[in-house]
Amino acid sequence: MTRVPMNSASNGSQNKRNSTGRPVIGICARRAPVVLQGLDLTVSLVIQPHVDLLAAAGCTPVVVPLVPGAEHLVDRLDGLLVPGGPDVDPSLYGQGAHPMTRAVGPAMDTAELALLDGAYRAGLPVLAVCRGMQLLNVHRGGTLHQHLPEVTGDDGHCPAATTYTFGRQPLEVRPGSRIAEVYDGDPPDAACHHHQAVDRLGTGLTATAWAPDGVVEAVEATDRPFVVGVQWEAGQIADERLHRALAEAARSTSPRTALAR
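Every value quoted in this text rests on a predicted model; they were computed, and no experiment measured them.

Student: I would appreciate a short explanation of the side chain of Asp 87 in the present structure.
Tutor: Its location among the elements puts Asp 87 in the loop between strand E5 (79-82) and helix H3 (106-122). Comment: no salt bridge for buried Asp 87; closest opposite-charge side chain is Arg 102, at 6.5 Å. Polar contacts involving the side chain of Asp 87 include one to the main-chain amide nitrogen of Arg 102, which spans 2.6 Å. Those residues within four positions of Asp 87 in sequence are excluded, and the remaining contacts are Met 100, Thr 101, Arg 102, Ala 103, Val 104, Arg 131, His 195 and Gln 196.

Okay, structure coming up:
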């Protein structure tokens, strides 16, 4: 990716960030319909726990709408969080759509892939959650199981219920991995809500956590200091360690925050 030179105004903004030492973490937005004061609207949003957890870890979270050109914001970021969301378009990994696949069209995937690609090429720390992990795998040339119950024989990763319900999966974590380091021998049970999962791993990725049924629950890039994908709903459970690890990785790798230390 060609890095865009900053003009004098943006350099001034950069200097202000240098003085605070707070890493700027982009969070990919999701589009959703809402009703506000009786008016039907479509908004770009992120769930509040991601914002709160990153802020508590000493970061400045920013919402990044998935529009064409969003990848040019990479020069202003110290890290990226790619959260959960709809299914990835299976045409991106050479498959037709399963009847249970719920993709939203190419525009969102294209914009988010470009943003992820820019962050990856720039060496930014990345935390990819649920759909984010699946998108990371597709970005690296991997494929997905489109409907996990056909693979595992049950709905344990996305329980069929009238309300949003987590599947609980104890994790087997690879010793010496980044995930093992983050959780220091005490990983949480994975709180899952996904009907898709990694099939063939993408180039440069390695699996570092699994559910008891063998489903890959975490991946890491082997050629980057901190590019981590987790299949569980980090941000919707009371565990701040992954967000803290993303913040620390951003703080330690960014030249902007290094100047403030």
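Student: How should the nonpolar core be read in this particular structure?
Tutor: As a rule of thumb, nonpolar side chains are buried together in soluble globular proteins. Within the largest apolar cluster, 34 residues are counted, with the highest numbers of intra-cluster contacts made by Leu 80, Val 82, Leu 115, Val 126, Leu 136 and Val 216. If you list the elements that add at least two residues to this core, you get strand E1 (24-28), E5, H3, strand E6 (126-129), helix H4 (131-139), strand E12 (205-210) and strand E13 (216-221). At 7 residues, the largest contribution of residues to this core is made by H3. Excluding residues within four positions of it along the chain, Leu 80 makes contact with Ile 25, Gly 26, Cys 28, Leu 115, Leu 116, Ala 119, Pro 125, Val 126, Leu 127 and Leu 246. Of all hydrophobic cores here, the second largest spans 31 residues; its members include Ala 191, Cys 192, Phe 226 and Val 228.

Student: Looking at this model, I keep getting lost on the sheet that holds strand E14 (residues 227-230). Mind explaining?
Tutor: Within a sheet, neighbouring strands are paired by backbone hydrogen bonds and run either parallel or antiparallel to one another. Pairing is mixed across the open sheet formed by 8 strands, whose spatial order is E4-E1-E5-E6-E14-E13-E12-E9. Two strands close off the open sheet at either side, each with one partner strand: strand E4 (60-64) and strand E9 (172-173). Across 3 bridges, E1 lies against E5 in parallel orientation. Within E5, the residue paired with Ile 27 across the bridge is Leu 81.

Student: In this structure, what is going on with the layout of surface pockets? I would like to understand it.
Tutor: Here the idea is plain: a probe the size of a water molecule rolls over the atoms and shows the empty space left. Estimates place the volume of the largest pocket at around 630 Å³. As for the largest pocket, its lining consists of 32 residues, and the residues nearest its centre are Gly 85, Cys 130, Tyr 164, His 193 and Glu 233. Its residues assigned to classes, the lining of the largest pocket comprises 13 nonpolar, 12 polar and 7 charged. Empty space within the second largest pocket amounts to approximately 310 Å³. Listed by contribution, the elements that provide at least two residues to the lining of the second largest pocket are strand E2 (30-36) and H3. Per-class residue counts for the lining of the second largest pocket are 11 nonpolar, 3 polar and 3 charged.

Student: How should the pattern of salt bridges be read in this particular structure?
Tutor: Between side chains of opposite charge, pairing is possible as soon as their charged atoms come close. All chains considered together, the criterion is met by 9 salt bridges. Here Arg 131 makes a salt bridge to Glu 112, at a shortest N to O gap of 2.7 Å. Highlighted residues: Arg 131 in helix H4 and Glu 112 in helix H3, separated in sequence by 19 residues. For the pair formed by Arg 131 and Glu 112, the shared burial category is buried. With its nearest N and O atoms 2.5 Å apart, the salt bridge here joins Glu 240 to Arg 244. By relative accessible area, which is 36% here, Glu 240 ends up partly exposed.

So, how was this worked out
Residues numbered from 1 in each chain as written. Predicted model: local features only at pLDDT ≥ 70, side-chain atom pairs only at ≥ 80, totals over all residues. Heavy atoms only, no water. Helix = DSSP H or I, 4+ residues; strand = E, 2+ residues; numbered from the N terminus. Buried < 20%, exposed > 50% of the residue type's maximum accessible area, 1.4 Å probe, protein only. Lys, Arg positive; Asp, Glu negative; His and termini not counted. Salt bridge = Lys/Arg side-chain N within 4 Å of Asp/Glu carboxyl O. Polar contact = N/O pair within 3.5 Å; in protein donor to acceptor, adjacent residues only side chain to side chain. Contact = heavy atoms within 4.5 Å. Core = buried A, V, L, I, M, F, W, Y, C linked by side-chain atoms within 4.5 Å. Pairing = 2+ DSSP bridges. 1 Å grid on protein atoms, 1.4 Å probe; cavity = no way out; pocket = protein on both sides within 12 Å on 5 of 7 lines; lining within 4 Å. Points joined across faces, edges and corners; volume = space filled by probe spheres on them. Nonpolar A, V, L, I, M, F, W, Y, C, P; charged D, E, K, R; others polar.

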